[in-house]
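Results of the structural survey
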Amino acid sequence: MSFYLAIIGTKDNAVYDLEFGTYRQGGDGTSKFSADMKQLCPFIVHSSLDIVEEMQWNTNVMHLKVIDKFYNYLISAYMTAGNMKFLLLHETRADDVIRQFFVDLYDLYVKTLMSPFYAVDQTITSPVFDQRVKMLAKKYL
């Protein structure tokens, strides 16, 4: 099972993205997307931004759950208080696990945001952030 995570900024710019596989059921954490799908992942996720922006005004929850489908792939979304969007492209429905992953990712993002060397909507290039996101993926997904 493969995942594609994107953190989208307030200006709809990609702040961070990561492609990874599951560690469950003997997985090694590497993505199993086909070559064509690897190229489509950013487009699929960004195409769901309109749905996220429509839903954000109709609900008061941060975790929007599954918001869109593309063939057999699902897109889950999480809105932060600062209007950042966390989007996850995945294959199976696991709302509770994905919600907990997003909550911990939000905590990690807030810690990064508190750094004096980072500004909102700036691309996150920190290897420490990347490593911690991978550890969250290993823990939950």
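Residues numbered from 1 in each chain as written. Predicted model: local features only at pLDDT ≥ 70, side-chain atom pairs only at ≥ 80, totals over all residues. Heavy atoms only, no water.

You'll find the chain entered in an unreviewed UniProt entry as Sedlin, with Lipomyces orientalis given as the organism.

What the rule picks out here adds up to 11 aromatic pairs. Consider the rings of Tyr78 and Phe86, whose centres lie 5.9 Å apart with planes at 15°: the pair is stacked. Phe86 shares its class with Tyr78; the two are buried. Aromatic pair Phe101 and Phe102: ring centres 6.0 Å apart, planes at 45°, arrangement tilted. Overall, Phe102 belongs to the buried group, its relative accessible area being 0%. Grouped by ring-pair contacts, the aromatic residues Tyr78, Phe86, Phe101, Phe102, Tyr106, Tyr109 and Tyr118 constitute a single cluster. (Phe/Tyr/Trp six-rings, centres within 6.5 Å; stacked < 30°, edge-to-face > 60°. Buried < 20%, exposed > 50% of the residue type's maximum accessible area, 1.4 Å probe, protein only.)

Looking now at unusual backbone geometry. With phi around 50°, Tyr71 is a residue other than glycine that occupies positive phi space. Looking at where Tyr71 falls in the secondary structure, it is placed in the loop between strand S3 (63-70) and strand S4 (73-79). Here the phi dihedral of Asp121 falls at roughly 70°; this positive angle occurs in a residue that is not glycine. With respect to the secondary-structure elements, Asp121 resides in the loop between helix H3 (95-113) and helix H4 (127-140). When its relative accessible area of 13% is taken as the criterion, Asp121 is described as buried. (Helix = DSSP H or I, 4+ residues; strand = E, 2+ residues; numbered from the N terminus.)

Here we come to the environment of Val110. Counting through the fold element by element, Val110 comes out in helix H3. Its relative accessible area of 29% is what places Val110 among the partly exposed residues. Spatially, the C-alpha atoms of Val110 and Met79 are 13 Å apart, while their sequence positions differ by 31 residues.

Now for the packing of H3 against H4. Two numbers describe how H3 lies on H4: the axes approach to 10 Å, and their chain directions differ by 165°. Judged by the inter-axis angle, H3 sits roughly antiparallel to H4. In this structure, H3 meets H4 at a crossing whose hand is right-handed. On the side of H3, the interface is formed by Val97, Gln100, Phe101, Asp104, Leu105, Leu108, Tyr109 and Thr112, while H4 contributes Phe129, Arg132, Val133, Leu136, Ala137, Lys139 and Tyr140. A per-class count over the contact of H3 with H4 returns 10 nonpolar, two polar and three charged. (Axes fitted to C-alpha atoms, helices over the stretch in contact; angles between N-to-C directions. Parallel < 35°, antiparallel > 145°, perpendicular 65-115°, else oblique. Left-handed = near helix turned anticlockwise from the far one by under 90°. Contact = heavy atoms within 4.5 Å. Nonpolar A, V, L, I, M, F, W, Y, C, P; charged D, E, K, R; others polar.)

Moving on to the pattern of salt bridges. Taken as a whole, this structure holds five salt bridges when the rule is applied. Salt-bridge contacts for Arg93 lead to Asp95; the nearest nitrogen and oxygen are separated by 3.5 Å. (Salt bridge = Lys/Arg side-chain N within 4 Å of Asp/Glu carboxyl O.)

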